[in-house]
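The lines below spell out each chain.
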Amino acid sequence: MQPTLLILAAGMGSRYGGVKQLDHFGPNGETIIDYSLFDAIRAGFGKVVFIIREELRQDFEEVFGEKLAGKIDVDYAIQALDSYVPAELGLVTRTKPWGTGHAMLCAKDHTDTPFAVINADDFYGLEAFQLISDFLKTDTDDQLHAMVGYEVKNTLSENGSVSRGVCEVAENGNLTSVIERTKIYEQENASGEKKIVFEEGTDLTPLAPDTPVSMNFWGFKPSVFPLLQHQFESYALANFNSPKAEFYIPTVMTNLIQTDTGHCKVFRSHSAWFGVTYPDDKPVVQASLKQLHEAGAYPAKLW
C-alpha cells in the first residue's frame, strides 16, 4: 500500500508577509512544495492531501492540479477554525489557526493509509522522504510512528529566531520527548564566540549544535486519529479563550509517549534542509535550489 503525504499549508505567513506556500523559489518558478511532491513521488507516495484554508483552495488547484494529474492522487482538507472543536464551546472567535496538530486532525477523513506530515515551506530532500516511505510501507506495529530529525545547527535562519521541536532520543533510537521551542537562534558574545540558545521568558538556555530537532516531518499510522481527536478536544476545552494557543504535533507525540499509547522511531537525515520564515530567507533558498539543480539532484525542469 502506498503511503499518503499530508502537507501543512494553512499557515498565515505573518512573519513572511504573504502566502509563502505558493511563492516562487526554484529557477523555473517552482514552489518549495513542488520539490516535496517531486521527491515524494520518487519515494513511492501514492496520494497527497493539501491541508489548507478554504480561501486558498482555488489557488492550490490552479497551481498543482494540472501538473500532478496522472502522477499522484490529489485531495484537499480544509482547516477551519471550528473543525473538531466541541460544539458546547459555541462560536469560535479566534483568527489564528489552531496549529499543526489540529491541521493533521483535519485530514482524518482524507486518508486511510499510513501517512507522512510535512510543512509546506520546508525543503527536506529525497533521503528523508525515502526513509519515511520505506518505514510506512513495511512496519506493521500500529503504535509505532516515526520522525526525521535534523541537527539544530543546520536549521537556523540568519534573519531571526525559529521554532523547532527539540528532541531527546533513547539508546534504542526511539523518541523520549519533544518540546516545541519557539525562539531558537545563534547568539554571539562580546569576544565573538557563538552559541545556539533558546529563549523562554527571560531565560536563555544553550543547545548543543548536534541536538536533534523536529522539522515537522512525521510518519504516522492511521490508528493515531482517534487519540489525536481526543487530545485536541481536551486542548480546545482548556484553551478556548486563548486566541494565540496552538496545538502542535510534538505535543501530540509527547502525549502518546507519556501515556504509552504510541512510540516514535527517530531517523537521522543527512539531506540538506532549508526553509522560509522571513522575507530575507528567500534569496538563500533560491540559491540553494539553483545549486541542487546544477548538481543534478533535480532535472532542469521538475514537471
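Heads up: these notes are all about the structure in this document. (Residues numbered from 1 in each chain as written. Predicted model: local features only at pLDDT ≥ 70, side-chain atom pairs only at ≥ 80, totals over all residues. Heavy atoms only, no water.)

**A word on the nonpolar core**
In terms of nonpolar packing, the biggest core is built from 43 residues, with Ile7, Phe45, Phe50 and Phe60 touching the most fellow members. Element by element, the count of residues in this core is highest for helix H4 (residues 126–138), at five residues. Filtering out sequence-adjacent residues up to four positions away, Phe45 remains in contact with Gln2, Pro3, Thr4, Leu5, Ala40, Ile72, Ala116, Phe129, Ile132, Ser133 and Leu136. By size, the runner-up hydrophobic cluster in this structure holds 36 residues, among which are Val49, Ile51, Val178 and Cys264. (Core = buried A, V, L, I, M, F, W, Y, C linked by side-chain atoms within 4.5 Å. Buried < 20%, exposed > 50% of the residue type's maximum accessible area, 1.4 Å probe, protein only. Helix = DSSP H or I, 4+ residues; strand = E, 2+ residues; numbered from the N terminus. Contact = heavy atoms within 4.5 Å.)

**Let's talk about the pairing of strand S3 (residues 73–78)**
Summarising the sheet, strand S2 (residues 47–52) and S3 pair through six bridges and their orientation is parallel. Directly across from Ile51, in S3, lies its bridge partner Ala77. In this view, the connection linking S2 to its parallel neighbour S3 by way of helix H2 (residues 57–68) has right-handed handedness. (Pairing = 2+ DSSP bridges. Right-handed = clockwise from strand over helix to strand, strands pointing away.)

**Structural notes on the side chain of Ser177**
Mapped onto the fold, Ser177 is located in strand S8 (residues 175–188). Look at Ser177 and you get buried, because its relative accessible area is 17%.

**Some remarks on the packing of aromatic side chains**
This structure, assessed with the given rule, holds 22 aromatic pairs. With 6.2 Å between their ring centres and 70° between their planes, Tyr35 and Phe123 make a pair best called edge-to-face. One end of the pair, Tyr35, is in helix H1 (residues 32–43); the other, Phe123, is in strand S5 (residues 122–123), with 88 residues separating them in the sequence. Phe123 shares its class with Tyr35; the two are buried. (Phe/Tyr/Trp six-rings, centres within 6.5 Å; stacked < 30°, edge-to-face > 60°.)

**Comments concerning H2**
Every α-helical turn comprises 3.6 residues, leaving residues that sit three or four positions apart pointing alike. The first and last C-alpha atoms of H2 sit 15 Å apart over 12 residues, in line with the 16 Å expected at 1.5 Å per residue. Those residues of H2 that fall on the buried side of the exposure criterion are Phe60, Phe64 and Leu68. Relative to the axis of H2, the buried residues are bounded by an arc of 35° and lie together on one face. Facing away from the buried surface of H2 by more than 90 degrees, the exposed residues are Gln58, Glu62 and Glu66. In this fold, the buried residues of H2 make contact with H1, S2 and S3. Immediately downstream of H2, the backbone of Gly70 shows phi near 80°, a positive value. (Expected span 1.5 Å × (residues − 1). Arc of directions from axis to C-beta.)

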